[in-house]
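Listed here are the chains, written in short residue letters.
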There are 2 protein chains.
Amino acid sequence: MRISDLSRSTGVSIPSIKYYIREGVLAPGDADGPNRSSYGEAHVARLRLIRGLIEGAGVTIAGVKQIVAALDGSMPLNDSFGVAQAAVPLAGRDAPVDPSSDAVERVLAVTEGIGRHHPAVPIAARALDTFAVVGEPLSEAWLARYAEAAAIVARADFDELEQRSDPVDQARIAAVGTALGDIVFQSLRRIAQATEGERRFPSPPASSSSPADTETAS
Amino acid sequence: MRISDLSRSTGVSIPSIKYYIREGVLAPGDADGPNRSSYGEAHVARLRLIRGLIEGAGVTIAGVKQIVAALDGSMPLNDSFGVAQAAVPLAGRDAPVDPSSDAVERVLAVTEGIGRHHPAVPIAARALDTFAVVGEPLSEAWLARYAEAAAIVARADFDELEQRSDPVDQARIAAVGTALGDIVFQSLRRIAQATEGERRFPSPPASSSSPADTETAS
DNA sequence: TGCAGTAGACAGTATCGCTATCCGATAGCT
DNA sequence: AGCTATCGGATAGCGATACTGTCTACTGCA
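Residues numbered from 1 in each chain as written. Chains lettered and ligands numbered in written order. Predicted model: local features only at pLDDT ≥ 70, side-chain atom pairs only at ≥ 80, totals over all residues. Heavy atoms only, no water.

Enquirer: How would you explain the relation of the copies chain A and chain B if you had to name every residue and give the values?
Expert: Of the transformation placing chain A onto chain B, the axial shift is 0.0 Å and the rotation is 180°, giving an RMSD of 0.1 Å. Both copies are brought into coincidence by an operation consistent with a two-fold rotation axis. In terms of C-alpha distance to the rotation axis, chain A has A149 of chain A as its closest residue, with the C-alpha 2.3 Å off the axis. Here 100% of the interface residues in chain A have copies in chain B that are interface residues too; the copies meet face to matching face. (Least-squares fit on C-alpha atoms with pLDDT ≥ 70 in both. Contact = heavy atoms within 4.5 Å.)

What follows is the structure, given as structure tokens:
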């Protein structure tokens, strides 16, 4: 399979494919000669993964590089999760502002064990601070329910993981699951918000004001 | 308060403040003269909100513009959620690929009511497709638990909302809560993954391999 | 009177994810 | 053997985003 076939069967342009190879997220083709390479199904699959992560989960090329490195060199399970966690853009990871210690306390109040030292703690705390700045500090109950939901999701992630026996499969699930799980959850949250909103504030028989319709905004 | 004071008390550079004013997300100062304006506490608060949304939640300037418009002109509650939902970058919103009908079915299977027509449905479905492409389709149980967690979060959001009586407060909570709730949840999910991972695969007394440590990757 | 500070306009910068073009080589057809 | 489409590889450019820097004209205050 030549590069043009690879391009045709994945919908990714040839320059983009070359770019991915250059960036090291896609393996070069097997060189049949000085300027003749052939690509296989592995390339098709990898390319689909790359596009899925970039388009579907907003992962950067640098993040994809880390994830595929985790897939290629099989690594301990916990580390796979860790790599994906570091690679997936948790918005706000590099804000320069320190969270208030009060907010950190609130996060730690719903957190146990090793999680207390997780780098996401200050990120969550900073988000709580931003809430407070807007003038509406959030209740403990709200945060506790978020933590409960997060625990459900984390258990689902690990249960899914344990259904696979091959450590390579597990690493893949961990890496990709962290990235795509975020967006699945965000989507379901928005859907649930719409459902719950409709339940609590049934809209008149009218037509034009469902949350869905605002998507048209630029 | 002059622009330099505003800059000093928020940590935002003067050119950035001018930029925000230019982009319409921050009100100009009250003009005392042709080149003399004064700024108040409202400007400080708004600026902190802007930085919080941009740095903390990854919202774009265009998204911030929509959110602050929702805050300034008070609008119906459902629409506030809708605006925030449209403004907050749900990664993968504009991927060109259609989801498989099978994936859409799976999402709809855990969705009810008005949510079935929500624009996030195809986004979630596309994420499921990407999972499948990597070779690891996810179980129904996994998705069902995600949906359960999303419902918990959505109910928490609305409960929080209903604690405020002022519709303006409600709009603010809805808009900001959608944006920042995403990142609070993502953070808590990562923390919960670390906790759950430690519970299921206790690491040896060693030191260097907690998921947290991988954050150092570029 | 002098100068720090201001508003406003506009051009420049850095990063990201491509995309376009050029080059020399060559496979495959005639 | 000759021709041409395509190839790999390299390098430069593009468009969007979020600033940042510079310039100008002006003005309040010491």
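After that view, the rundown keeps rolling.
Enquirer: Can you break down the packing of aromatic side chains residue by residue, with the values?
Expert: Tallied over the full model, the rule gives 11 aromatic pairs over all chains. Considering the side-chain rings of F158 of chain A and F201 of chain B, the 6.2 Å spacing of their centres and the 40° angle between planes classify their relative orientation as tilted. Of the two residues, F158 of chain A sits in helix α8 (residues 140-162) while F201 of chain B sits in the segment after α9 (167-200), which places them in two different chains. On the accessibility criterion, F201 of chain B (29% relative accessible area) is partly exposed. (Phe/Tyr/Trp six-rings, centres within 6.5 Å; stacked < 30°, edge-to-face > 60°. Helix = DSSP H or I, 4+ residues; strand = E, 2+ residues; numbered from the N terminus. Buried < 20%, exposed > 50% of the residue type's maximum accessible area, 1.4 Å probe, protein only.)

Enquirer: For the pattern of salt bridges, give the residues involved together with the corresponding values.
Expert: Using the criterion set out here, one finds 25 salt bridges over all chains in the structure. In this structure, the salt-bridge partner of D182 of chain B is R190 of chain A, at a minimum N-O distance of 2.7 Å. Pair noted here: D182 of chain B is in helix α9 and R190 of chain A is in helix α9 (residues 167-200), and the two residues belong to different chains. The exposure class of R190 of chain A is buried, given its relative accessible area of 1%. A salt bridge links D72 of chain B to R46 of chain B; the shortest N-O distance between them is 2.8 Å. Residue D72 of chain B is found in helix α4 (residues 61-72), and its partner R46 of chain B is found in helix α3 (residues 41-57); the two are separated by 26 residues along the sequence. (Salt bridge = Lys/Arg side-chain N within 4 Å of Asp/Glu carboxyl O.)

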